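Results of the structural survey
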Amino acid sequence: MPTPSEKRRRLREGLASGRLQRLPGAFSPLVAKAAADHGFDGVYVSGAALAADLGLPDIGLTTLTEVATRGGQIARATDLPTLIDADTGFGEVGNVARTIRSLEDAGLAGCHLEDQVNPKRCGHLDGKAVVPADEMVRRVAAAVKARTDPDFVVCARTDARAIEGLDAAIDRAKAYVDAGADLVFPEALRDEAEFAAFRKAIDVPLLANMTEFGTSPNLTAAQLEDLGYNLVIWPVSSLRAAMGAVDELFATLKTEGTQASLVERMQTRARLYDLVDYASYNEFDQELFNFEVPGRES
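Every chain's residues receive numbers from 1 upward, in the order its sequence appears when written. With pLDDT at 70 or above as the cut-off, local features in this predicted model cover only qualifying residues; side-chain atom pairs require 80 or more to be listed or tallied, and sums for whole chains, interfaces and linings still use all residues. The side-chain quantities take in all heavy atoms of the structure and omit both hydrogens and water.

**Observations concerning helix α4 (residues 64–76)**
Put simply, the test is: Secondary structure counts use DSSP, requiring at least four H or I residues in a row for a helix and at least two E residues in a row for a strand, with both numbered from the N terminus. To estimate how far a helix should reach, multiply one less than its number of residues by 1.5 Å. Using a 1.4 Å probe on the protein chains alone, a residue whose accessible area is under 20% of its type maximum counts as buried, one over 50% counts as exposed, and one in between counts as partly exposed. To obtain the arc, one takes the directions from the helix axis to the C-beta atoms.
The first and last C-alpha atoms of α4 sit 18 Å apart over 13 residues, in line with the 18 Å expected at 1.5 Å per residue. By the burial criterion, the buried members of α4 are Leu64, Val67, Ala68, Gly71, Gly72, Ile74 and Ala75. Along the axis of α4, the buried positions cluster into a sector of 165°, meaning they face one direction only. Within α4, the exposed residues directed more than 90 degrees away from the buried face are Thr65 and Arg76.

**A short note on the domain arrangement of the protein**
Interface size is commonly expressed as the accessible surface area that is lost when the partners come together. Going by this rule: All the domain ranges listed were derived from an automatic or database domain assignment. We call two residues in contact when some of their heavy atoms are within 4.5 Å. The term buried area refers to how much accessible surface (probe radius 1.4 Å) is lost by two components on association, counted for both of them together. The term salt bridge refers to a pairing of a side-chain nitrogen on Lys or Arg with a carboxyl oxygen on Asp or Glu at a separation within 4 Å. Between N or O atoms, a polar contact is any pair within 3.5 Å; within protein, one atom must be a potential hydrogen donor and the other a potential acceptor, and residues adjacent in sequence are included only when both atoms are from side chains. Throughout this entry, Asp, Glu, Lys and Arg are counted as charged residues, while Ala, Val, Leu, Ile, Met, Phe, Trp, Tyr, Cys and Pro are counted as nonpolar. The remaining residues, Gly among them, count as polar.
Annotation of the protein at the domain level lists domain 1 (4–236) and domain 2 (243–289). Taking the mean C-alpha position of each, domain 1 and domain 2 sit 31 Å from one another. Contact residues are listed per partner, giving five residues for domain 1 and four residues for domain 2. Taken together, the two surfaces of domain 1 and domain 2 that pack against each other cover about 380 Å², and 61% of this comes from carbon and sulfur. Looking only at domain 1, the three residues that lose the most surface to domain 2 are Leu30, Lys33 and Asp37, adding up to 83% of its buried area. On inspection of domain 1 and its partner domain 2, the count reaches one salt bridge. Across the pair aspartate 37 and arginine 271 runs a salt bridge whose closest N-O atoms are separated by 2.8 Å. Summed over the shared surface of domain 1 and domain 2, the number is one residue pair in polar contact (both at pLDDT 80 or more). Along the lines of polarity and charge, the residues of the side of domain 1 that touches domain 2 split into two nonpolar, one polar and two charged.

**As for the sheet that holds strand β2 (residues 43–45)**
Rule in force here: Strand pairing follows a simple DSSP-based rule, namely that at least 2 bridges must link the two strands. What counts as an axis is a line fitted to C-alpha atoms, over the stretch in contact for a helix, and the angles between N-to-C directions run from 0 to 180 degrees.
Spatial ordering of the open sheet is given by β2-β3-β4-β5-β6, a layout of five strands whose pairing is parallel. Each of the sheet's edge strands pairs with one partner strand only, and the pair in question is β2 and β6 (183–186). On average, each strand axis in the sheet is tilted by 25° relative to the strand beside it, whichever way the strands run. By the bridge criterion, four bridges tie strand β5 (residues 153–158) to β6 in an arrangement that is parallel. Paired with threonine 158 across the two strands is proline 186, which belongs to β6. The sheet contacts of helix α8 (residues 166–178) involve β5 and β6, and relative to β5 the element is tilted by about 160°.

**Here's the deal with the side chain of glutamate 194**
Mapped onto the secondary structure, glutamate 194 falls in helix α9 (residues 192–201). The contacts of glutamate 194, once residues within four sequence positions are left out, are Arg161, Leu166 and Leu189.

**Description of the packing of helix α5 (residues 93–105) against helix α6 (residues 133–146)**
The condition that has to hold: Throughout this description, any angle smaller than 35 degrees is read as roughly parallel, any larger than 145 degrees as roughly antiparallel, any in the 65 to 115 degree range as roughly perpendicular, and the remainder as oblique. Crossing handedness follows the turn of the near helix against the far one: under a right angle anticlockwise gives a left-handed crossing, and clockwise gives a right-handed one.
As a packed pair, α5 and α6 sit with axes 8 Å apart at the nearest point and diverge in direction by 40°. The pairing of α5 with α6 is recorded here as oblique in orientation. The handedness of the crossing between α5 and α6 comes out as right-handed. For the pair α5 and α6, contact is made by Val93, Val96, Ala97, Ile100 and Arg101 and by Arg138, Arg139, Ala142, Ala143 and Ala146, respectively. Partitioning the contact of α5 with α6 into residue classes produces seven nonpolar, no polar and three charged.

Shown next, in the form of structure tokens:
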């Protein structure tokens, strides 16, 4: 298993490679293992998905401890770099610095911070508000200054498109880059032309959010690569797919009294054991315990 530093270098190399880095959202370590098994470039931990998995709305209710703990569990599950959503940094600039150190300690490869007012809300909902640009500049600068590993990726997300317009969002992004952001995440762009405009204006790598049911069109990975984007996330897709299946299962159990009609669509025991690497644990256990203790002279 590579070290956290090695994973961070891998993420940076991927961002500089000219090839789109594909990071599906993982709300659990097991989902992260599936992403790795399918050959993705990394793993993304969504704040919205993490909150939903705790039974909470995405309005800034989760804490740094919850995010860092869950993020660390997911990051340790695979040899892929893991990028995590750090919302607004969980407070003022001192809290932002602590957030970066906590996420580094947890083994994350990078995080994104946003310029929303705290408490925040989902980036594709109405009623958002953003802080003044200079306040977000201080957040980004604090994050860059606080990291102990220079390869830890600091991504700046701007939600200003929906509030101040595209040009203002681009101006904000430029200021965040000047403050040291390694990666820019323009949230809730309206069409392909806006994605292209951001790419033309910003010199550092760009992240595209391809969430369902949002403001942005669902562009393909090929389209985003052609546009010059460096990283794409599908933040909540795995959670939505899983919960859709859970709702269907519970409805079936309620009406039919058995899961029999759905068994063929479930993950098999063999596939689950493969993902959790049951065989290697079994081998380790046998090597550890299947031996004779030599006798000792009294």
